[in-house]
Amino acid sequence: MSAITQEGPAVIAGPSPAPRRPAKRDSRKWLEIGLLAGPALIVFVGFVILPVVLAAVYSFFNWNGLTPLERFIGFDNYVRAFNDPVFTKAIGNNFIIAGASILIQGPLAILVALLLNRRMRGRTLVRAAIFVPYVLAEVIAGLSWKLLLSPRGGVNAALEAVGLGDLTQPWLANPEIALWVMFGILTWKYLGLAILLMLAGLQGVPQELSEAAAIDGAGWWQTQWNITVPLLGPTIRIWAFLSIIGSLQLFDMVWVTTKGGPIGATNTMAVYMIQYGQGQPGFGSAVAVILFFISLVIALFYQRYAMRRDLGSNAGRDE
Amino acid sequence: MMNKTRIIRVSAIAAATALTIGGLAACSPAESNDGDVTITWWHNATADPQKALWEEVAAEFEDDHPGVSVEVTGYQNEDLQRTLIPNALASGDAPDIFMVWPGGEVRSQAEAGHLKDLTSVLSDTIAELGATVNPWQVDGKQYALPYTFGIEGFWYNTELFSEAGISTPPTTLPELEDAVSKLKAAGTAPIAVGAADLWPAAHWWYQFALAACSTDTLKSAIPALDFSDPCWVEAGELLKDFVDTEPFQDGFLATTGQQGADSSAGLVANGNAAMELMGHWNAGQIGSLTPDQTVPEFLGWFPFVSVPGTAGDPTITMGGGDGFGVYKDAPDEAVELLKYIMSEDVQKRFAATGAGIPTHPGAIDSVTDPNLKLIAEGLAESSYVQLWLDSDLGPTFGTPLNQAIVNLMAGQGTPEDIVKTLEDTAAAL
């Protein structure tokens, strides 16, 4: 089935019916492309591709950032990073956050979106309220949570006030739970975006199908599970992609709230890169390249296997 | 007919993921060179009165030197140290006068050829300042001059101490432990420490290393990066025993050092903790975190305690300071400006701001803050001042060493792990 849609564009593109154009029009076309795409291309190459390549070059040197690049050490920086338990733990934390996002935030977002998609009083207000955390600046949200969750903060005070004093915790200082507290903050922050995406996806699900199902006697839950959620597939897959990449590159919320602590419990690859790359940009670059490759490989595999149907049909439309 | 969608796909992924690495891109300031001389000067004072003082000094220098203009800017300390100055130096377009941190940092900048050798051009000033200039020397040459230098000690709440029945500040480790239990009995968090920032907690190990190691060992081991002496392990054992008495505030692993009422400085400032081990700048830090933005009346200072039965000399202290260096291509006027900054007159006015302890001996009497006076006395009585260990070892050591120390304090590491971290980091240099 998917093989057919994959081949679609090739079939259309093959016997191109375009008539032969005079050379003048061709050069004009290329001039246009050059003028329109050129500036963006220069910026992209200069500020994205070039830094990636430079980071890859730096990563092979023992370099403090001040001297010329002289001490080539091959893959030593990479070996050092992978032998550092602090870094391997950070990689693990990134994957825990990514996995938990998919398994917990995804279903939660779909559920809330389904509920909000019904006609009800105050729907706009609820939608806006859910989206508020996502709009807040990361640093403001992080500092607020840091203050609320500190041992003398609001969360503990509230627990005391309602007689649940036994549950008080140094939330972000307890290495056993800090990562899950961090995940809770991230869920609070990013669930709004997931819900918004799902709601947008729901607008594309034809009303007629649910009506037909209702005529056939299907209940609300049955309709959602068998019709709406499957048709929401492309939206879910693109959200999951964004969520995975976001989890792998997680930095700002962690930096503001815990700086990766306590004892590395909430450390991530990007936080490690900043902390341990200090004074040794060669090593920091190696960590950056590792982070780049992990993200790239996962992104490629995800697009190849999970999103190929979505992208295939898009490509067909573009041609 | 290479698959267009694939190109788009790959470049989109590259764009998304490469943003992480894009963060390494540097920015550099532009310098105007139209006729007259412009001197750029970067410092770390972002708040008055010190910021205003540097601006005054720049204006006075402009008045005395027609045709010279001074662009003076204060940046947040860590941004300046870790990002702005290294990038400016690497780009070859650096400010003319900028903060230079002692020990490992001045060494690597001097070795890379970025700093002007001041040994002969400012020989008079160097002679006036005396021994405090030593940490800014590399191979006997002077590459920067400190305008402030101080030592570390305990900042404490005199009211909470007397409420807990502690009449005189502790001078030995057993006395400190006794004070801790008295404060706990009185219902106060005894010692605040900002372990989330790593370095404030790591200073506890530094101090125990000063207690465990003889002065000769300190002087020889650090430049040689040789940590084979058993005193380095002993430092961790002393710290572990002390941590086992649970002297720190609840949740100290997630407490930061300096930001907000919930930081360790904030806890002391607002009477929620009785003391904090911190550098000479802490009075200003604590003052900025009180509701009325002034240094609280109850604040007192006493030096780090001596540890009985160890090889360390109890009269040595640990400290550090802030200095200014001159870029290698800077105009001669920049050296003149540095000379003016270090003059007795400017140093006296710096002392009067209460922002720190001046390095010019003639300016010490202008210190009015009682706690800074205590620190200045402690500094004068020190038989040897060890520079902050992380500064002395160099920027590469900071995070790994400090993390290993915090691990120990969290019960997740051993004294040997700290020494192994030092050895591994030294091996990777």
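Every residue gets a number counted from 1 within its own chain, in the order that chain's sequence is written. Here every chain gets a letter starting at A, and every ligand a number starting at 1, in the order they are written. Local features in this predicted model are restricted to residues whose pLDDT is 70 or higher, and side-chain atom pairs enter the listing and the counts only when it is 80 or higher, whereas totals over whole chains, interfaces and linings include all residues. Neither water nor hydrogens contribute to the side-chain values; these are computed over all heavy atoms in the structure.

Enquirer: Summarise the overall build of chain B; cite the residues concerned and give the values.
Expert: Looking only at helices and strands, one finds 18 helices and twelve strands in chain B. The globule rule used for comparison is 2.2 Å times the number of residues to the exponent 0.38, while the radius of gyration itself is calculated over C-alpha atoms. At 23 Å, chain B has a C-alpha radius of gyration in line with the 22 Å of a compact globule built from 429 residues. Taking the principal axes of its C-alpha atoms as reference, chain B extends roughly 70 × 70 × 45 Å. Counting all 429 residues of chain B, 55% fall into the buried class. Working rule for contacts: check all heavy atoms of both residues, and any pair within 4.5 Å makes them a contact. Put simply, 73% of the contacts in chain B that link residues at least 6 apart link residues at least 24 apart. Per element, the accessible surface of chain B, about 17,000 Å² overall, is 50% carbon and sulfur. By the counting scheme adopted, Arg and Lys are positive, Glu and Asp are negative, and His together with the chain ends is not counted. One atom stands in for each charge, and that atom is NZ of Lys, CZ of Arg, CG of Asp or CD of Glu. Chain B carries 18 positive and 59 negative side-chain charges, and their two centres are separated by 9 Å. Helix and strand definitions follow DSSP, with helices as H or I runs of at least four residues and strands as E runs of at least two, each counted in order from the N terminus. Relative accessibility thresholds used throughout: buried, under 20% of the residue-type maximum; exposed, over 50%; partly exposed, between the two (1.4 Å probe, protein chains only). Where accessible areas are quoted, they stem from the Shrake-Rupley method and a 1.4 Å probe; at the residue level, only the protein chains shown are allowed to cover.

Enquirer: Can you tell me about the pattern of salt bridges, naming the residues and giving the values?
Expert: All names here are of chain B. Salt bridge, as used here: a side-chain nitrogen of Lys or Arg that lies within 4 Å of a carboxyl oxygen of Asp or Glu. Considering all chains together, one arrives at eleven salt bridges over all chains under this definition. Put simply, lysine 182 and aspartate 178 hold a salt bridge, and the shortest N to O gap is 3.5 Å. In this pair, lysine 182 and aspartate 178 both sit in helix α7 (residues 173-185), four residues apart, roughly one turn of the helix. What makes aspartate 178 partly exposed here is its relative accessible area of 39%. The residue arginine 349 makes a salt bridge to aspartate 345 at a minimum N-O spacing of 3.3 Å. Of the two residues, arginine 349 and aspartate 345 are both situated in helix α14 (residues 344-353); the distance of four residues between them amounts to about one turn of the helix. Accessibility expressed as a relative area gives 22% for arginine 349, which makes it partly exposed. Since its relative accessible area comes to 41%, aspartate 345 is described here as partly exposed. Overlapping salt bridges, with partners in common, bring together Glu56, Glu60, Asp345 and Arg349 in one network.

Enquirer: Outline the state of the cysteines, listing residues and values.
Expert: Residue and element names in this part refer to chain B. Any pair of cysteine sulfurs within 2.5 Å is marked as a disulfide. Counted under the stated rule, the structure contains one disulfide over all chains. Note that cysteine 213 is cross-linked by a disulfide to cysteine 231, the S-S spacing being 2.0 Å. Handedness of the cysteine 213-cysteine 231 disulfide follows from its S-S torsion of about 90 degrees: it is right-handed. A residue pair is termed long-range when its members are at least 10 positions apart, and cysteine 213 in the loop between α8 (199-212) and α9 (215-224) and cysteine 231 in helix α10 (residues 231-243) qualify at 18 residues. Cysteine 231 carries the same exposure label as cysteine 213, and that label is buried.

Enquirer: Tell me about the packing of helix α4 (residues 85-116) of chain A against helix α11 (residues 233-248) of chain A, and please be specific about residues and values.
Expert: Residues and elements named next belong to chain A. Whenever a helix is involved, its axis is fitted only over the stretch in contact; in every case the axis is a line through C-alpha atoms, and angles between N-to-C directions fall within 0 to 180 degrees. Two elements in contact, α4 and α11, have axes separated by 9 Å at closest approach and are oriented at 145 degrees. The two elements α4 and α11 meet at a crossing, and its hand is right-handed. Contacts between α4 and α11 pair Asn94, Phe95, Ile97, Ala98, Ser101, Ile102, Gln105, Gly106 and Ile110 from the former with Ile236, Trp239, Ala240, Ser243, Ile244, Ser247 and Leu248 from the latter. Of the residues that constitute the contact of α4 with α11, the class distribution is ten nonpolar, six polar and no charged. Helix crossings fall into two classes, left-handed where the near helix is turned counterclockwise from the far one by less than a right angle and right-handed where it is turned clockwise. In this classification, the charged set is Asp, Glu, Lys and Arg, the nonpolar set is Ala, Val, Leu, Ile, Met, Phe, Trp, Tyr, Cys and Pro, and all remaining amino acids, among them Gly, are polar.

Enquirer: Break down the interface of chain A and chain B for me, citing the residues and quoting the values.
Expert: Taken together, the contact between chain A and chain B spans 45 residues of the former and 44 residues of the latter. When the two sides are added together, the surface that chain A and chain B hide from each other amounts to roughly 3,800 Å², 67% of it contributed by carbon and sulfur. On the chain A side of the contact with chain B, A:Leu66, A:Ile263 and A:Gln278 bury the most area, a combined 18% of that side's loss. Joining chain A to chain B, the criterion identifies one salt bridge. The closest approach of N and O atoms between A:Lys259 and B:Asp197, which form a salt bridge, is 2.9 Å. The definition of a polar contact used here is a pair of N or O atoms within 3.5 Å, where within protein one atom must be able to donate a hydrogen and the other to accept one, and adjacent residues in sequence count solely through side-chain atom pairs. Taken together, the links from chain A to chain B amount to eight residue pairs in polar contact (both at pLDDT 80 or more). Elements that contribute at least two residues to the side of chain A that touches chain B include exactly α2 (23-58), α6 (138-149), α13 (269-276), α14 (281-306) and α15 (308-318) of chain A. Sort the elements by how many residues they give to the side of chain A that touches chain B and α14(A) lands first, with nine residues. Residues of the side of chain A that touches chain B, tallied by class, amount to 26 nonpolar, 14 polar and five charged. Two parts lose some accessible area (1.4 Å probe) when they are put together, and adding that loss for both gives the buried area.

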